[in-house]
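Architecture and fold: a report
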Amino acid sequence: MARARVRMLVRGLVQGVYFRQSTADEGERLGLSGTARNLPGGEVEVQAEGEREAVEALVRWCHRGPPAARVEAVEVAWEPPTGESGGFRVAR
């Protein structure tokens, strides 16, 4: 199975609608490892690693977000996989 790693910066109405937790839940459901954390400017940074198809599914999900989110932009940066595993977590 091909692995992939991605770092995303999500902008819009994403901090006040549990976007971090919803992203972590979706990443966990997809079997990915990674983190979701709020940034001071109102953006959310998401890092994820796992099977390429699952990572691509999370990228698509982040463009939509949970129902209450208003995602304006998702900046996607693909990175070399590191072999990280261990679940998805919400960084404080």
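Remember, predicted model here, so these are calculated numbers, not experimental data.

**Quick look at the pattern of salt bridges**
This model, assessed by the stated rule, comprises 11 salt bridges. Residue Glu49 pairs with Arg5 through a salt bridge whose shortest N-O separation is 3.0 Å. Of this pair, Glu49 sits in strand E3 (residues 44-51) while Arg5 sits in strand E1 (residues 3-13), and the two are 44 residues apart along the sequence. Accessibility expressed as a relative area gives 11% for Arg5, which makes it buried. Between Glu26 and Arg29 there is a salt bridge, and its shortest N-O distance comes to 2.7 Å. A residue pair is termed a helical-turn pair when its members lie 3 or 4 positions apart in one helix, as Glu26 and Arg29 do in helix H1 (residues 19-29) at three residues. According to the relative accessible area criterion, Arg29 is exposed, its value standing at 58%. A single salt-bridge network, built from bridges that share partners, covers Arg3, Arg5, Arg7, Arg37, Glu45, Glu49, Glu79 and Glu84.

**Remarks on H1**
What H1 keeps buried is the set Phe19, Arg20, Thr23, Ala24, Glu26 and Gly27. Summarising the axial view, the buried residues of H1 lie within an arc of 165 degrees, below the 170-degree limit, and thus occupy one face. Looking at the packing, one finds that the buried side of H1 touches E1, strand E2 (33-38), E3, helix H2 (52-64), strand E4 (70-79) and strand E5 (88-90). The first or second residue beyond H1 is Gly31, which carries a positive phi of 80 degrees.

**Considerations on the sheet that holds E4**
Reading across from one edge, E4-E1-E3-E2-E5 is the order of the five strands in this open sheet, with mixed pairing throughout. Each end of this open sheet is capped by a strand with a single partner; those strands are E4 and E5. Direction aside, neighbouring strands of the sheet carry axes that sit 15 degrees apart on average. Here six bridges tie E2 to E3, and the two strands are oriented antiparallel to one another. Opposite Arg37, over in E3, you have Glu45 as the bridge partner. Strands E1, E2, E3, E4 and E5 of the sheet are contacted by H1, whose axis makes an angle of about 170 degrees with E5. Along the sheet, H2 contacts E1, E3, E4 and E5; its crossing angle with E4, the most-contacted strand, is approximately 155 degrees.

The rules behind the values
Residues numbered from 1 in each chain as written. Predicted model: local features only at pLDDT ≥ 70, side-chain atom pairs only at ≥ 80, totals over all residues. Heavy atoms only, no water. Salt bridge = Lys/Arg side-chain N within 4 Å of Asp/Glu carboxyl O. Helix = DSSP H or I, 4+ residues; strand = E, 2+ residues; numbered from the N terminus. Buried < 20%, exposed > 50% of the residue type's maximum accessible area, 1.4 Å probe, protein only. Arc of directions from axis to C-beta. Contact = heavy atoms within 4.5 Å. Pairing = 2+ DSSP bridges. Axes fitted to C-alpha atoms, helices over the stretch in contact; angles between N-to-C directions.

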